[in-house]
Amino acid sequence: MEDSGFSGVVRLSNVSDFIAPNLDCIIPLETKKVEKEVKDEVKINARMKKKEKLPEKPAVKITLADCLACNGCITSAETVLIEEQSFGKLWQGVSSSKLSVITISPQTITSLAVKLETTPQDMAIRISQFFKKRRVHHVIDSSFARHFAHRMLLEELHSTPATSRPLLSSACPGFVCYAEKSHGELLIPRISKIRSPQAITGALIKHFLAKKLALSPCEIFHAAVMPCFDKKLEASRDQFKVDGTQVQETDCVVSSAELLEEMTKEEQEEVIEGSEDVEEENWLNALGRGHIIGEEGGASGGYADRIVSDFIAENGGTSKTETLNKNLFYTTVTSPSGDVTLRVAKVYGFRNIQNLVRKMKTKKEKTDYVEVMACPGGCANGGGQVRYDTIGEREEKLKLVEENYNHLSKNSHVLEGDWEKVKNEWDSIDENWRRFLYTDYKTVETNVTQALKW
Amino acid sequence: MLRQIGKFFHDTNEELPCRVWMMCWHHDGRILASCGDDKKVRVWALIGAHDADGDEDSCKLECKTVLDDSHTRAVRSVAFSHDGRSLVSASFDAAVVIYQQEDGEFTECDKLEGHESEVKCAVFSKSDEFVATCSRDKSVWFWQQDEYGDFSVSSILQPHTQDVKHVAWHPTEDLLVSCSYDSSIRFYRYDGEDWVTQQKIDAVHEGTVWSMAFDADGNRLVTVGEDHVVQLFVRENVGTKSADSDTWKSVCQFHVEDTRWPIYSVSWNATNDVIATGGGDSKIRLRSSGDR
């Protein structure tokens, strides 16, 4: 347990007690009622003949969805996850689909680049080729989808009344999981309804691209490589199923560390120069050419900074950022007349989340928007990133990952050219396409064992 | 010889009294706090003084305050701050409550929430700047008090793999030790910004380590456990420049032979070095630690 990749938040809010995972899971008892045959009445002196009766009972299986709907142990969920969301399943999915797409997070690219001592651009090409050699059709950048989210941030904040603030960012699945399981009433109404980049990509692939290529969503396989184990939990949410089906928009999520392991399992492959690809650059092929989309505002998605810069562009004013500790940043925007017009914070790590919750409970939290991330150090330091042995090494490499990330090009051709195009095409396919950019949350009820009071 | 000088009920129902989980003296010696299964914390005043003749009437406890609306489940532990102005209670309802003394009365002033399940122990550090809490959720939390008395979370650590039973502060330094159902003890130190685990000692006892106590100067530590062993640890490399190099080492084990019950509780007398233990066999045992 101690070394699992899940964020501390997820682990702590799902403590399994004295009992091993398989022993304490009550889900099978609850969900699958074994039909009792009337014949099974106990008769005195009636010996049961072996072999004759006892119809084969179907083996009860706990699915990840069961685990997510329960506030019980994470250990069961973890076991199920390891089975369901692994490279084994990924290759299986790739080989059994008509179209396969892998989404790569920029945090993954920078983490692997630091580990393998190369540039993020070169790393993007290597990752892309690694998958393409294994029959993956498209390897794409998750930042393309994040751009949809960024465009909606300020609008959502404007429509959030002062009484419902701070608005909390929704991209961190560890935080969302914690909010739903531990502070539903307080936090859920305040979490941004905008989907995470992974979830938007899921819709882009299984809705937009499927419709465009006239494929059924179940003929497409979509996997994501993320800096975070909790993203596996996110991908399995009911909210991210293709409408009216049991198909997830993101079928499988693997971590940066898992990708590194898979890539270094075999001999180093030579990078093929000058691929045969002569297509015009677009969101599906840019990553393979080493073009990664950069953003301002740090390696956790830059949500807080984006709100600040959009707000200033709209209303004017100047911003000032105060660093309270290495995981806590407060930015205020002051209007030309000297009034504070916006308060935004970045709150990373479980400790700071606790203090945020405490302040919200006592109504002392005065911010308008908070970028919340469960991991200290944010996504660059996500639980799924490449690990190092010593604390010193970890800190040093984290700094490099962050630097690499901050140096990614902010002027992406893909964003400038292709984003509007995709948006318009999506709109022409389905005029209600915007619903795919939003999601919702629900409180997870505590289970029976936890409701016991003594 | 120990002899009883009085008997008072934490619970008003004397017929069927509830379990009293913990008692704690205020540092002035005139106030006592008790807590128990009835979800209440009681603050008692010691009236009169007991004389050598053992006249029972000359010394009694009077219940001054009943704090009954802070917790929704049994209250497991109570502790006073070192300045004597605050009291902290830890409950199975997963909350920790801070009470402050005003006009001689303790009243709830803050609720520290965050633990996922039963909180087993909460104690103020020597300087009162920190409160350490531990829980069945396997975590140890450090809460920091600012100059206005407001608490915020300073660190959350999860070094144990099981229920954390007890935490104890070093008598003079910002050093904490915790013990757990996972048979281990862990030491923590403040690095100026965060609390970090300084030393881990596994398999201290067979089964649960139930409690531990420091001696007066904090160079020795005693632990007790499920295996009815009393174990003594000594601190090595004290006074070296780096705090990291000071480590704790087990120097002796005392098997309590005449019981098969766990030893749940231990207290080290700061003035005469007598160690008192309380066990599942309802016996209190005293032993002298002797020379080092």
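Quick caveat: nothing in here was measured; it's all calculated off a predicted structure.

(A) Highlighting the overall build of chain A. What chain A contains, in helices and strands, is 19 helices and nine strands. Within chain A, buried positions represent 54% of all 454 residues. Looking at chain A alone, contacts between residues at least 24 apart form 76% of all its contacts between residues at least 6 apart.

(B) Quick look at the overall build of chain B. The number of helices and strands found in chain B is zero helices and 23 strands. Taken over the C-alpha atoms alone, chain B extends approximately 50 × 45 × 30 Å along its principal axes. Taken across its 292 residues, chain B has 52% of its residues classed as buried. Taking as baseline every contact in chain B between residues at least 6 positions apart, the subset at least 24 positions apart corresponds to 44%. Working note: accessible area of chain B is about 13,700 Å², and carbon and sulfur atoms make up 47% of it. Of the charged side chains in chain B, 30 are positive and 51 negative; the average position of the first set lies 5 Å away from that of the second.

(C) Seen up close, the state of the cysteines. Tallied over the entire structure, the rule returns zero disulfides over all chains. Counting only cysteine sulfurs, Cys172 of chain A is the nearest neighbor of Cys379 of chain A, a cysteine outside any disulfide, at a range of 6.5 Å.

(D) Spotlight on the pairing of strand β19 (residues 229–236) of chain B. Residues and elements named next belong to chain B. Of all eight residues in β19, six are buried, a share of seventy percent or more. As judged from the five bridges shared by strand β18 (residues 220–225) and β19, these two strands associate in the antiparallel manner. Following the sheet pairing, Arg220 is matched in β19 by Val234. Here β18 hands over to β19 after three residues, with His228 in that stretch at a positive phi of 45°. Examined bridge by bridge, β19 and strand β20 (residues 247–255) share eight bridges and lie antiparallel to one another. Residue pairing across strands places Val229 opposite His255, the latter belonging to β20.

(E) Structural view of the sheet that holds strand β4 (residues 220–226) of chain A. Residue and element names in this part refer to chain A. Read from one edge of the open sheet, four strands run β2-β1-β4-β5, paired in parallel fashion. With one partner strand each, in any of the chains shown, β2 (138–141) and β5 (252–255) form the two edges of the open sheet. When the angles between neighbouring strand axes are averaged without regard to direction, this sheet yields 25°. Sheet topology note: the β4/β5 ladder contains four bridges and is parallel. The partner of Met226 across the bridge, within β5, is Ser255. In the packing of helix α6 (residues 87–95) onto the sheet, contacts are made with β1 (99–104), β4 and β5, and the angle to β4 comes to roughly 150°.

(F) Quick peek at the UniProt feature "repeat: WD" (unreviewed entry) in chain B. Residue and element names in this part refer to chain B. In this numbering, the UniProt entry assigns the feature "repeat: WD" (unreviewed entry) to residues 25–44, 68–109, 112–144 and 157–188. Between the C-alpha atoms that bound residues 25–44 the distance is 9 Å, and the span itself is 0% helix and 55% strand. Secondary structure within residues 157–188 divides into 0% helix and 53% strand; the distance between the first and last C-alpha atoms comes to 9 Å.

(G) A look at the domain arrangement of chain A. Residue and element names in this part refer to chain A. We note that the domain assignment places domain 1 (85–147 + 195–295 + 409–437) and domain 2 (152–194 + 297–390) within chain A. Between the C-alpha centres of domain 1 and domain 2 there is a distance of 26 Å. Taken together, the contacts link 26 residues of domain 1 with 24 residues of domain 2. Summed over both sides, the interface of domain 1 with domain 2 buries roughly 1,800 Å², with 54% coming from carbon and sulfur. Here Glu180 ties to Arg237 by a salt bridge, and the two come within 2.8 Å at their closest N and O atoms.

(H) Region of the structure containing the side chain of Ser125 of chain B. Mapped onto the elements of the fold, Ser125 of chain B is located in the loop between β9 (119–124) and β10 (130–135). Excluding anything up to four places from it in sequence, Ser125 of chain B contacts His82, Phe130, Trp169 and Asp174 of chain B.

(I) Quick look at the nonpolar core. Residue and element names in this part refer to chain A. The biggest cluster of nonpolar side chains holds 83 residues, and the ones touching the most others in it are Phe144, Phe148, Leu168, Phe175, Leu204, Trp283 and Trp426. The greatest single-element share of this core, amounting to eight residues, is contributed by helix α9 (residues 143–158). Both domain 1 (85–147 + 195–295 + 409–437) and domain 2 (152–194 + 297–390) contribute no fewer than three residues apiece to this core. Setting aside chain neighbours within four positions, we find Leu168 in contact with Phe175, Leu187, Arg190, Ile191, Ser192, Leu356, Met360, Val370 and Val372. Leu90, Val114, Val225 and Leu260 belong to the second-largest nonpolar core, a separate cluster that totals 34 residues.

(J) Here's a closer look at helix α18 (residues 413–429) of chain A. Residues and elements named next belong to chain A. Look at α18: 24 Å from first C-alpha to last across 17 residues, which is about the 24 Å you get at 1.5 Å a residue. Of all the bends in α18, the greatest measures close to 30° and is centred on Trp419. What α18 keeps buried is the set Val414, Leu415, Asp418, Trp419, Val422, Lys423 and Trp426. Along its buried surface, α18 packs onto α9 and α12 (197–212).

Rules and cut-offs
- Residues numbered from 1 in each chain as written.
- Chains lettered and ligands numbered in written order.
- Predicted model: local features only at pLDDT ≥ 70, side-chain atom pairs only at ≥ 80, totals over all residues.
- Heavy atoms only, no water.
- Helix = DSSP H or I, 4+ residues; strand = E, 2+ residues; numbered from the N terminus.
- Buried < 20%, exposed > 50% of the residue type's maximum accessible area, 1.4 Å probe, protein only.
- Contact = heavy atoms within 4.5 Å.
- Areas by Shrake-Rupley, 256 points an atom, 1.4 Å probe, with all protein chains shown as cover.
- Lys, Arg positive; Asp, Glu negative; His and termini not counted.
- Charge placed at Lys NZ, Arg CZ, Asp CG, Glu CD.
- Disulfide = S-S within 2.5 Å.
- Pairing = 2+ DSSP bridges.
- Axes fitted to C-alpha atoms, helices over the stretch in contact; angles between N-to-C directions.
- UniProt positions renumbered as here; feature names shortened; annotations may be inferred.
- Domains from an automatic or database assignment.
- Buried area = accessible area lost by both parts, 1.4 Å probe.
- Salt bridge = Lys/Arg side-chain N within 4 Å of Asp/Glu carboxyl O.
- Core = buried A, V, L, I, M, F, W, Y, C linked by side-chain atoms within 4.5 Å.
- Expected span 1.5 Å × (residues − 1).
- Bend = angle between axes of the 7 residues up to and from the residue.

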